[in-house]
Amino acid sequence: TDDDMFSNVFCENSEKLIDIHLFVLAAKYYSLSNLGVCTPLEDILEALRGDSQGTTSIKTDEFMNNKKSHEVQVMSELVDNIANYCGIKQVIDIGSGKGYLSSFLSMQYNLKVYGIDSSKTNTNGAHERNRKLKKHWRAYQSRARANVENQRLEKANDRPVQSEINCKAINEKLLNKTSSLQHQDQVAIQDLLPSCGFAEIATSETSKQTEVDLMARAQSDESKLSEEVLAILNVLPADAVEVFSSSQCNCGELCEEEKAQRKMASLKAKASKLSESNLYFPLTSCITAETELSDIITDLEDCMMVGLHTCGDLAANTLRIFTAKPEIKAVCSVGCCYHLLSEQFENQEDCPEEVWGFPMCQYLKDKGWCCGRNARMSACLALERVAVGQTLPTESLFYRAVLQVIIEEIYGVTKSDRHVGKTFSKSSSFVDYVRKSLKKLELDDSKLPDSCIMDYYEKYKHRMNELEAFNMLKVVLAPCIEVLILLDRLCYLKEQDNIAWSGLVKLFDPVKSPRCYAVIALKKHSCF
């Protein structure tokens, strides 16, 4: 059994770790990537799309950092496919923050998005950022068009010389469509055939048909360029972009029919602008499991709920709202900040009416399962980043550990609702760090001389390597704890009667974005 396999990791009497190698193997064995419970992203996208193809998207790295760009690109494509599959156009982004995902979903995929965040500062920032993004969008379009053309030129330059001759011959034919095909039969076509993979031509009629095929292929190639450009330009609602015609790529005069089409499209765009100037609406509200979305969103309709790195209990509450509200047909939630989860059995307090972040599923509730804050803190660590050489912040962890000794021995404090936060990055020395931290904890630092602070530093300095080794073990264990939290959420969805499908999907590259797993669920069609 599994228990027998890893029974020698810890000493039976002292419960101390005695086999590090076996400890690492056990941690890997129980990690999410090894358990086989995840659905590959490619599989779910293929199932959602059916025969349709994905939308050509623009690059987001011009207005987001690499991490956020990666997350938004991947998640927005999945959300759009789920929305199309469910036949819905409204998306509610819970914990939307600065609106990166929300604005991209509205601009790239023309979805109507409500971004809800508890911070008014974030909501105001999202409003301003979205305004600036739309203002500069045409510049992104121009660069995108240039990039498409440059890529075509690079591909053309990389082709063999014979291919260049072929393309030139085809283009000359396209420019001289009125010339007789018979004059070309024995000259250009004979040169083109070998590289195109056709059999040798025996008759003039066969020659003519082949040349027609070649011209059609060239025209198709030109059409693909137009489609690529149009796909890039078609990332905003109609009111946000000037109507773009593919004929602009080819120069030349517009025919009357095309002028009429452009005029009609322009009128439609203006009408749309009058009725609705934006498809992204940032809102400020604190979301709980009891939140009535219809009180926040007046035109609530069939929709899906998303959350990109929803913090602490918000991820759990997102799933609870999804299961309870008939209007919400699907959910895609990526949680984070496990250390901020509330736990039902952590303090052994009997609060039956309280809604907790963990556990969610009945199975773990029946067992009274508890992780504890230290374990949840460990779940936030990034094993994949350490594996590729990114180091742990050993010095800042050492500072915090010694500070803990000081506040316990000098001030007699073992628990506090206040937090030190990111004091380390703002401190010039250990003494400075301690004094700033004590002020944050509202403790009097005047009775603590610098020499006393440094005595504590010197006393424990030689144990810094021990701390680093201990934290490396925590990093190795991190995926196992994350598994417990994620499977708890998945089991909660499996327990619901109105869910057609639910699963865990690895969305992101864990080196770029350590919290990379999404909990996804679709309601039964009878609930639609």
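Structure shown above.
These numbers were taken from a predicted model, which means no experiment stands behind them.

Student: I keep staring at the overall build of the protein and nothing clicks. Help me out?
Tutor: Along its length, the protein carries 21 helices and 7 strands. Looking at the protein as a whole, 43% of its 528 residues qualify as buried. Looking at the protein alone, contacts between residues at least 24 apart form 71% of all its contacts between residues at least 6 apart. Split by element, the accessible area of the protein, about 29,100 Å² in all, is 51% carbon and sulfur.

Student: I keep staring at helix α18 (residues 394-409) and nothing clicks. Help me out?
Tutor: Along an α-helix, residues three or four apart share an orientation, since each turn contains 3.6 residues. When the terminal C-alpha atoms of α18 are compared, their 23 Å separation across 16 residues agrees well with the 22 Å that a helix rising 1.5 Å per residue should span. Within the span of α18, buried status applies to T394, S396, F398, Y399, V402, L403, V405, I406 and I407. Buried residues along α18 sit against α19 (430-440), α20 (450-460) and α21 (464-494).

Student: Got a minute to help me understand the packing of aromatic side chains in this structure?
Tutor: In this description, an aromatic ring pair is defined by two values, namely the gap between the centres and the angle between the planes. If you walk through the whole model with that rule in mind, you get 12 aromatic pairs. With centroids separated by 6.4 Å and ring planes inclined at 80 degrees, the aromatic side chains of Y399 and Y457 adopt a geometry described as edge-to-face. One end of the pair, Y399, is in helix α18; the other, Y457, is in helix α20, with 58 residues separating them in the sequence. On the accessibility criterion, Y457 (15% relative accessible area) is buried. Taken together, F398, Y399, F424, F430, Y433 and Y457 form an aromatic cluster joined through their ring pairs.

Student: Before we go on, may I ask you to explain the pattern of salt bridges in this structure?
Tutor: Oppositely charged side chains may form a pair once their charged atoms are brought near each other. Tallied over the full model, the rule gives 16 salt bridges. Between K329 and D302 there is a salt bridge, with its nearest N and O atoms 4.0 Å apart. Pair noted here: K329 is in strand β5 (residues 328-336) and D302 is in the loop between α13 (293-296) and β4 (303-311), with a separation of 27 residues, a long-range link. Of the residues examined, K329 reaches a relative accessible area of 3% and is grouped as buried. Via salt bridges that share partners, R435, K439, D445 and D450 belong to a single interconnected network.

Student: Explanation requested: the side chain of R376 in the structure shown.
Tutor: Along the chain, the position of R376 falls in helix α16 (residues 373-379). Classification of R376 as buried rests on a relative accessible area of 3%. At 2.7 Å, the side chain of R376 forms a polar contact with the backbone oxygen of H339. R376 has contacts with Y338, H339, L340, L341, E343, E346 and C371, leaving out every residue within four places of it along the chain.

Student: Explanation requested: the packing of α18 against α19 in the structure shown.
Tutor: Each pair of packed helices can be described by the angle between their axes along with the distance between the axes. Following both chains from N to C, one finds α18 and α19 inclined at 55 degrees, their axes separated by 11 Å at the closest point. By the angle between their axes, α18 is oblique relative to α19. In terms of crossing hand, the pair formed by α18 and α19 is right-handed. In this structure, α18 contributes Y399, R400, V402, L403, I406 and I407 to the contact, and α19 contributes F430, Y433, V434, S437 and L438. Split by residue class, the contact of α18 with α19 holds 9 nonpolar, 1 polar and 1 charged.

Student: Can you walk me through the sheet that holds strand β7 (residues 517-523) in this structure?
Tutor: The strands that make up a sheet are held in pairs by hydrogen bonds between backbone atoms, and each pair lies either parallel or antiparallel. As summarised here, the arrangement of the 7 strands in space is β3-β2-β1-β4-β5-β7-β6, forming an open sheet in which the pairing is mixed. At either margin of the open sheet sits one strand with a lone partner, and together these are β3 (280-284) and β6 (499-506). Averaged over all pairs of adjacent strands, the angle between their axes in this sheet comes to 15 degrees, without regard to strand direction. The pairing of strand β1 (residues 90-94) with strand β2 (residues 112-117) spans 5 bridges and is classified as parallel. Within β2, the residue paired with Q90 across the bridge is K112.

Student: It is not clear to me how helix α5 (residues 66-86) should be interpreted in this structure. Could you clarify?
Tutor: Over its 21 residues, α5 runs 30 Å from end to end, which matches the ideal 30 Å to within 8%, given 1.5 Å per residue. Buried residues dominate α5, accounting for 15 of its 21 residues. The N-terminus of α5 is capped by N65, whose side-chain oxygen sits 3.2 Å from the backbone nitrogen of K67.

Student: Would you take a moment to explain the packing of α5 against helix α6 (residues 100-109) for this structure?
Tutor: Across the interface, α5 lies against α6 with an axial gap of 10 Å and an inter-helix angle of 55 degrees. Between α5 and α6, the crossing angle belongs to the class labelled oblique. α5 and α6 meet at a crossing whose hand is right-handed. Contacts between α5 and α6 involve K68, V72, Q73, M75, S76, E77, V79 and D80 from the former and Y100, L101, F104, L105 and Y109 from the latter.

Student: Explanation requested: the nonpolar core in the structure shown.
Tutor: Across soluble globular proteins, you tend to see nonpolar side chains buried next to one another. Ranked by size, the top nonpolar core spans 73 residues in total, and within it M75, L78, I82, M304 and L507 carry the most contacts. Not counting the four nearest positions on each side in its chain, M75 is found in contact with L101, V306, G307, L308, C332, V334, L507 and F508. By size, the runner-up hydrophobic cluster in this structure holds 22 residues, among which are Y399, V434, L438 and Y457.

Student: Help me understand the environment of G368 in this model?
Tutor: Residue position: G368 is located in the loop between α15 (362-366) and α16. Taking relative accessible area as the criterion, G368 reaches 29% and is therefore assigned partly exposed. C-alpha of G368 to C-alpha of F345: the two residues are 23 residues apart in sequence and 6.2 Å apart in space.

Student: Where do I start with unusual backbone geometry in this structure?
Tutor: Excluding glycine, residues mostly carry a negative phi; peptide bonds, for their part, are mostly trans. Between F358 and P359 the backbone carries a cis peptide bond, its omega angle lying at -5 degrees. By the secondary structure assignment, P359 is in the loop between β5 and α15. Backbone geometry places H309, a non-glycine residue, at a positive phi of 60 degrees. As for its position among the elements, H309 is in strand β4. H309 gets classed as buried once you look at its relative accessible area, which sits at 17%.

Scoring rules and cut-offs
- In every chain, residue numbers begin from 1 and rise along the written sequence.
- Where totals are concerned, whole chains, interfaces and linings use all residues; where local detail is concerned, this predicted model gives features only for residues with pLDDT of at least 70, and gives and counts side-chain atom pairs only at 80 or more.
- Excluded from the side-chain calculation are hydrogens and water; included are all heavy atoms of the structure.
- The way it works is that DSSP assigns letters per residue, a run of H or I at least four long becomes a helix, a run of E at least two long becomes a strand, and they are numbered from the N terminus.
- Relative accessibility under 20% of the residue-type maximum defines a buried residue, over 50% an exposed one, and the middle range a partly exposed one, all with a 1.4 Å probe and only protein chains included.
- Throughout, a contact is declared for two residues whenever any of their heavy atoms are within 4.5 Å.
- Residue exposure ignores everything except the shown protein chains as possible cover, and the areas themselves are Shrake-Rupley values with a 1.4 Å probe.
- For a helix, the expected span equals 1.5 Å multiplied by the residue count minus one.
- Aromatic pairs are defined between Phe, Tyr and Trp rings, using the six-membered ring for Trp, whenever the two ring centres lie within 6.5 Å; interplanar angles under 30 degrees are classed as stacked, those over 60 as edge-to-face, and all others as tilted.
- When a carboxyl oxygen of Asp or Glu is within 4 Å of a side-chain nitrogen of Lys or Arg, the pair counts as a salt bridge.
- Counted as a polar contact is a pair of N or O atoms within 3.5 Å, where, for protein atoms, one must be capable of donating a hydrogen and the other of accepting one, and residues adjacent in sequence contribute only when both atoms are in side chains.
- Here the axes come from fitting lines to C-alpha atoms, over the contacting stretch only for helices, and the angles between their N-to-C directions go from 0 to 180 degrees.
- Working rule for angles: under 35 degrees goes down as roughly parallel, over 145 as roughly antiparallel, 65 to 115 as roughly perpendicular, anything else as oblique.
- Left-handed describes a crossing whose near helix is turned anticlockwise from the far helix by less than a right angle; the clockwise case is right-handed.
- The classification used treats Ala, Val, Leu, Ile, Met, Phe, Trp, Tyr, Cys and Pro as nonpolar, Asp, Glu, Lys and Arg as charged, and all other residues, Gly among them, as polar.
- Strands qualify as paired when DSSP identifies two bridges or more between them.
- Take the buried Ala, Val, Leu, Ile, Met, Phe, Trp, Tyr and Cys residues and link them wherever side-chain atoms come within 4.5 Å; each set so joined is a nonpolar core.

By themselves, these observations are geometric and do not establish any function.
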